[in-house]
Amino acid sequence: MSAKTKEPDPKILVFSSNAISDPGIDLAGSAHMHYSTAVQVIPLPCSSGVKPDWVVHALEAGFEGVFIAACGGDCAYLSDCTERTSALIKSAQDKLKERDISPKRLKMSGLCSVCADNFVSHMGKFQGELKKLEAK
Amino acid sequence: MALKRRIGVFVCHCGGNISDHVDVEKVVAGVEGEPGVAVARTHMFTCSDSSQQEMIDQIVDEKLDGLVVASCSPKLHMFTFRGMSERAGLNPYQYVHVNLREQCSWAHTDDKGGATEKGIHLVRAGIAKCALTRPLHALRVETQPRALVVGAGIAGMRAALALADMGLAVFLVEREPEAGGWALQAGKMGPEAQHGPDVAARLGSRIAAHDNIMLYTGAELIEKSGSIGDFNVKVRVSDEDVVDLNVGAIVVATGFDTYQPREGEYGWGLDGVVDLKTFRQMMADGKLEHGGKALRDVVFLYCVGSRQSKSEACPAPNTYCSRYCCTAGTFAATTLHALEETLDQTVNQYHLYRDIRTYGHLEMVYEQARREGALFVRWDPENPPVVEQGDDRLCVKTVDTLAGSDTLEIGADLVVLVTGMRPRENDQLNSVLKIPESKDGFYNEIHIKLRPVETVIDGVFIAGASQGPKTLAESVASSLAAVAKAGGLLMKGYVDLEPLIAKIDTDKCTWCDACLKACPYGAIEKTVCGDKEVALVIASMCKGEGGCVPVCPHDAIDIEGFRDDQIRAMIDASLKEAVV
C-alpha cells in the first residue's frame, strides 16, 4: 500500500493522545501493520487540547488531511472528552470553510490503546477520501 | 532563536529494528544541517550504558542545551533519557523523544525509502520542538506520612493493614455501621470455602489491635482540599461529629453494589425466584426448603444483570462481565451438593448459562460441580430462558443450544438468579473526590495495564471492585497494588510533579472565566496581575491535559511541552522536503 507510486499518498497529520490513542498507533507498528509513510503523528496529552488553529495551520502549510485520534470514552482526564473534542472539530471545520478548505480534510475518531486495526483502517479510508477530493 | 541553540541528535539503530527499515545514516545526513543542530550521529543502541555515557560526554563536551533521541516509543525509554539528561547536567525537559521504531520502521517494513524520508521528517519535527524548549523544573511537594482509606470491605481493610504495617498512620472510613463489606453476607465463599464473616472478623480484630489504624464506621468523606502529599479532608461520623484529617494519599476501596433485577426479569417477583445471596443464606441456615416444602429441583440462571444488550426494557445495559458470578454459582452447586449429603436430601440442579467463565484454577470448581451431578444448559442471549409460574411450582423454559432446538421445560421449586455487580452509588463521595468514571460507571484508572490503580487525581488511588467487577482475590491484589503506590509515595517523603502543565499569558488574558469553567480539577483561580484580573494556574492541581487551551477566546493558554509555537514549528518542519 505504501510502496512508492507515481502519485504520492496524501500527507496526513495525526494528533494522538499520549495515554490512549498513541499506544494504539504504537501497537499497529509493533504488529508490523503497514500504513502509508505519508502519515505522521504528533502526540499530545489529550485530544481535548487540540487547537483548531493547528488544524488550519497544518492544512494551509501542506498537509492534505488532519486526523484526530481522540481519547474517546477511555479518556482518563475528562469524562466529556468526546464532546469537547467534537466541539473543537466543529470549530476547526468552521474555520476551514471560512478559508475555502474542505472540512472533509479533517476527521476524528476515538481510538483506544489497542485499536491498531482501527487506526490502519482509518488511515486507508481517509487517504482514499483525500485522493477523491484531490481528483475533483 | 533556533540558531542560538546547540542541539544533539542521536538516532538509534535499535540493533536493526530501526536500521533494517530506515536508513539511519541518511536520517542523520538529512537533519544535521537543521538550525541549532550541533551534533548528529547514530548509535547501535542508544539505551545501552555505553551509548548513554557517550551521549553524556557529548552533551558536556559540546555544551549542548537540547537533546533529541530518535529511537523506540517514548513509552519505553522517555524516562531513561530524561534521567540521562539530568546526569549530563541538561534540563530533562529540553530533551525530546522521537518515535522512530513503533511509528516508523516497524510500520513501514515494506518501504525503506518512504520510511527513511518519514524518519527525516519526524526527527526534524523533534528538532524544531527541541529548539523551542526551555528549562522546566518539577514541582517538589512534601508528603505527609498518613493515608486515608475509604471503604472498609475486605479490600479496604487489607489496604489499611498493609499501609499501617509500613509504619504509616491510617484512617479507615466506612459508611456502614460495621466494617466487612459484602463478605459479612457472603456465607461460604469460593473457591476455598472460607466463611465471609469469619474473614471480615479476623481482619477487623487485627485492625482494632493495630496502633496505626483509626477506624471510623458510620462515617463519610464530605470534603477534600489540598493536593497530592498533603490533603485536608473532613469526615462526618455518625451524622454528628466532623473530624478534620490531614493525609498524604487516599485509597478508594468502596466496592460494588449487586444488580437488582427488574420486576418480571427472569421471573423476579414470583414466589420462589430469589437471588444468589438469598440462596446462600438459605444454605448457611442449613434448610433446603421453600414454602414449607423440601427442595427437589433448583434452577440457577446466570448472567443476570451482566453482559446485557440495550433494549426497550433495558435502556442502560450493563454490558460488562461481572467476573465473579460463574465461580459463585458453580461454587454454590458444590456447597448445595455437600448439604444434600448432610441432610440426606436429593436436589436436582440445573445451571442455565451463556458461557462459563471460571477462568484459571477456578475451572476446578466448575469441574467439581459437574462431577457431582449438576446439569449445565447453555442458552442463547437471542432466546433467553423464560421463568413462569406453573400449576404448583415454577416452570423454566429454555433451549439448550448445545443439544438442538427443542425447548426444555424444567419444573423448579426455586429459581436462583445469579446476579452481577454494579458500580456503587456514591454521589457524595464522587462530588468530593471527582475521580473520573468509565462508561460502565466504575472508577477509571489512568491506564488499565501500565497504571492500573492510579487515577488522574494525583495521590488518589483506586482499589478492588470500585474499579470494576473483580473476585475477592483480585480485589485484594488490586488493593495491595494501590498500597504499593500510596506507600511508595508516602514513604519517600516527597513527590516531584510534572511541570508540563497549563501556563497563562497574562498579557493576553482578560479573565473571561472560560478556562475556569473548562477545568474540572479546580486548577484555575482568579488573581490580580498589575491592574487587571487574570487566570492563575494552581500547579499542583493542573493535570496538563489541555482541555482549557482551545476554549480560551484570547489564545492565552499553553501547555508546557506542547506550546502553540512548538506544535506549529513541528508541523512546518514535518513538511520540509526531504531528499533520500
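Residues numbered from 1 in each chain as written. Chains lettered and ligands numbered in written order. Predicted model: local features only at pLDDT ≥ 70, side-chain atom pairs only at ≥ 80, totals over all residues.

Here's the deal with the overall build of chain A
Right, on to step 1. Check the secondary structure of chain A and you find four helices and four strands.
Right, on to step 2. For chain A, the sequential pattern of α-helices and β-strands runs β-α-β-α-β-α-β-α.
Right, on to step 3. Taking 2.2 N^0.38 as the reference for a compact globule, 136 residues should give roughly 14 Å; the C-alpha atoms of chain A span a radius of gyration of 14 Å, in line with that estimate.
Right, on to step 4. Seen along its three principal axes, the alpha-carbon backbone of chain A occupies a region of about 45 × 40 × 20 Å.
Right, on to step 5. Here chain A, with 136 residues, has 60% of them falling under the buried criterion.
Right, on to step 6. The contacts in chain A between residues at least 6 apart in sequence include a share of 81% that link residues at least 24 apart. (Helix = DSSP H or I, 4+ residues; strand = E, 2+ residues; numbered from the N terminus. Rg over C-alpha atoms; globule rule 2.2 N^0.38 Å. Buried ≥ 20, exposed ≤ 12 C-beta atoms within 10 Å, placed from the backbone. Contact = placed C-beta atoms within 7 Å.)

Notes on the overall build of chain B
Right, on to step 1. Along the backbone of chain B there are 14 helices and 32 strands.
Right, on to step 2. With the C-alpha coordinates of chain B rotated into their principal frame, the extents come out at 90 × 65 × 45 Å.
Right, on to step 3. Considering chain B as a whole, with its 580 residues, one finds that 48% of them fall into the buried category.
Right, on to step 4. Long-range contacts, defined here as pairs at least 24 residues apart, represent 71% of the contacts in chain B between residues at least 6 apart.

What to know about the pairing of strand E1 (residues 12-17) of chain A
Residues and elements named next belong to chain A.
Right, on to step 1. The buried fraction of E1 amounts to six of the six residues, a majority that puts the element mostly inside the structure.
Right, on to step 2. Here E1 shows a buried face lined by Ile12, Val14 and Ser16 and a second buried face lined by Leu13, Phe15 and Ser17.
Right, on to step 3. Across four bridges, the pairing between E1 and strand E3 (residues 65-70) is parallel. Paired with isoleucine 12 across the bridge in E3 is glycine 65.
Right, on to step 4. As a crossover connection, the stretch from E1 through helix H1 (residues 21-30) into strand E2 (residues 39-44) is right-handed. (Pairing = 2+ DSSP bridges. Right-handed = clockwise from strand over helix to strand, strands pointing away.)

Some details on the interface of chain B and chain A
Right, on to step 1. In this assembly, 43 residues from chain B lie in contact with 40 residues from chain A.
Right, on to step 2. For the side of chain B that touches chain A, the element with the most residues is helix H14 (residues 564-575) of chain B, which contributes eight residues.
Right, on to step 3. Of the residues that constitute the side of chain B that touches chain A, the class distribution is 16 nonpolar, 13 polar and 14 charged. (Nonpolar A, V, L, I, M, F, W, Y, C, P; charged D, E, K, R; others polar.)

Here's the deal with the domain arrangement of chain B
Right, on to step 1. When cut into domains, chain B gives domain 1 (2-136 + 565-575), domain 2 (146-255 + 424-495), domain 3 (260-420) and domain 4 (502-560).
Right, on to step 2. Summarising the inter-unit geometry, the C-alpha centres of domain 1 of chain B and domain 2 of chain B are found 43 Å apart. (Domains from an automatic or database assignment.)

Regarding helix H3 (residues 81-98) of chain A
Residue and element names in this part refer to chain A.
Right, on to step 1. With 18 residues, H3 ought to run about 26 Å at 1.5 Å a step, and its terminal C-alpha atoms sit 26 Å apart, in line with that.
Right, on to step 2. Here H3 has its buried residues at Cys81, Arg84, Thr85, Leu88, Ile89, Ala92, Gln93 and Leu96.
Right, on to step 3. On its buried side, H3 packs onto helix H2 (52-61), E3 and strand E4 (106-110).
Right, on to step 4. In the stretch just after H3, aspartate 100 is the one whose phi turns positive, near 60°. (Expected span 1.5 Å × (residues − 1).)

Examining the environment of valine 199 of chain B
Residues and elements named next belong to chain B.
Right, on to step 1. Tracing the sequence through the fold places valine 199 in helix H7 (residues 196-209).
Right, on to step 2. Each C-alpha atom, one on valine 199 and one on valine 396, is 36 Å from the other, the two residues being 197 residues apart in sequence.
Right, on to step 3. Each residue touching valine 199, except ones within four places of it in the same chain, is listed here: Ile154, Ala183 and Gln194.

Brief notes about unusual backbone geometry
All names here are of chain B.
Right, on to step 1. Here the bond from glycine 190 into proline 191 is cis, since omega is -5°, no more than 30 degrees from zero.
Right, on to step 2. Along the polypeptide, proline 191 turns up in the loop between strand E8 (188-189) and strand E9 (194-195).
Right, on to step 3. A positive phi is found at aspartate 344, a non-glycine position, where the angle reads about 55°.
Right, on to step 4. Structurally, aspartate 344 is set in the loop between helix H9 (325-343) and strand E20 (348-353).

Describing the sheet that holds E1 of chain A
Residue and element names in this part refer to chain A.
Right, on to step 1. Pairing within the open sheet is parallel, and its four strands lie in the order E2-E1-E3-E4. At either end of the open sheet lies a strand with only one pairing partner, and these are E2 and E4. Within the sheet, the average angular offset between the axes of one strand and its neighbour, ignoring direction, is 20°.
Right, on to step 2. Sheet topology note: the E1/E2 ladder contains six bridges and is parallel. (Axes fitted to C-alpha atoms, helices over the stretch in contact; angles between N-to-C directions.)

Description of helix H8 (residues 276-284) of chain B
All names here are of chain B.
Right, on to step 1. If you check which residues of H8 are buried, you get Leu276, Phe279, Arg280 and Met282. Each buried residue of H8 sits inside an arc of 155° when the element is viewed along its axis, so together they form one side.
Right, on to step 2. Each element contacted by the buried residues of H8 is listed here: strand E16 (273-275), H9 and strand E25 (414-419).
Right, on to step 3. Note on H8: the residue one or two positions beyond its end, glycine 286, has a positive phi of about 80°. (Arc of directions from axis to C-beta.)

Focus on the nonpolar core
Right, on to step 1. Of all hydrophobic cores here, the largest spans 174 residues; its most connected members are Val251 and Val252 of chain B.
Right, on to step 2. Counting residues in hydrophobic clusters, the runner-up holds 47 residues, among them Phe256, Val377, Ile410 and Ala465 of chain B. (Core = buried A, V, L, I, M, F, W, Y, C linked by C-beta atoms within 7 Å.)

As for the sheet that holds strand E7 (residues 169-173) of chain B
Residues and elements named next belong to chain B.
Right, on to step 1. Across the sheet, five strands lie side by side as E10-E7-E6-E14-E27; this open sheet has parallel pairing. The strands lining the two open edges of the sheet, one partner per strand, are strand E10 (213-216) and strand E27 (460-462). Averaged over all neighbouring strand pairs, the angle between strand axes comes to 20°, with direction disregarded.
Right, on to step 2. One ladder, built from five bridges, connects strand E6 (residues 146-150) with E7; its direction is parallel. When the sheet's bridge partners are listed, alanine 147 is paired in E7 with valine 170.
Right, on to step 3. Helix H12 (residues 472-492) rests against E6, strand E14 (249-252) and E27 of the sheet, and its axis sits at about 175° to E14.

Focus: the packing of H2 of chain A against H3 of chain A
All names here are of chain A.
Right, on to step 1. At a minimum axis distance of 8 Å, the contact between H2 and H3 shows a crossing angle of 40°. Taken together, H2 and H3 sit at an angle that is classed as oblique. The two elements H2 and H3 cross, and the hand of that crossing is right-handed. On H3, the residues touching Pro52, Val55, Val56 and Leu59 of H2 are Leu88, Ser91, Ala92, Lys95 and Leu96.
Right, on to step 2. For the contact of H2 with H3, the class distribution of residues is seven nonpolar, one polar and one charged. (Parallel < 35°, antiparallel > 145°, perpendicular 65-115°, else oblique. Left-handed = near helix turned anticlockwise from the far one by under 90°.)

Digging into the pairing of E4 of chain A
Right, on to step 1. Of all five residues in E4 of chain A, four are buried; the element is thus mostly enclosed.
Right, on to step 2. Taking the sense of rotation as the criterion, the β-α-β connection linking E3 of chain A, H3 of chain A and E4 of chain A turns out right-handed.

Section: the confidence of the model for chain B
Right, on to step 1. In this model, chain B carries a mean pLDDT of 95, and residues with pLDDT of at least 70 account for 99%.
Right, on to step 2. The ipTM for the predicted assembly is 0.96, set against a pTM of 0.75. (pLDDT = per-residue confidence, 0-100.)

Re the environment of valine 120 of chain A
Right, on to step 1. Turning to its location among the elements, valine 120 of chain A is positioned in helix H4 (residues 116-135).
Right, on to step 2. Discounting chain neighbours no more than four positions away, the residues touching valine 120 of chain A are Ala28, Met33 and Tyr35 of chain A.

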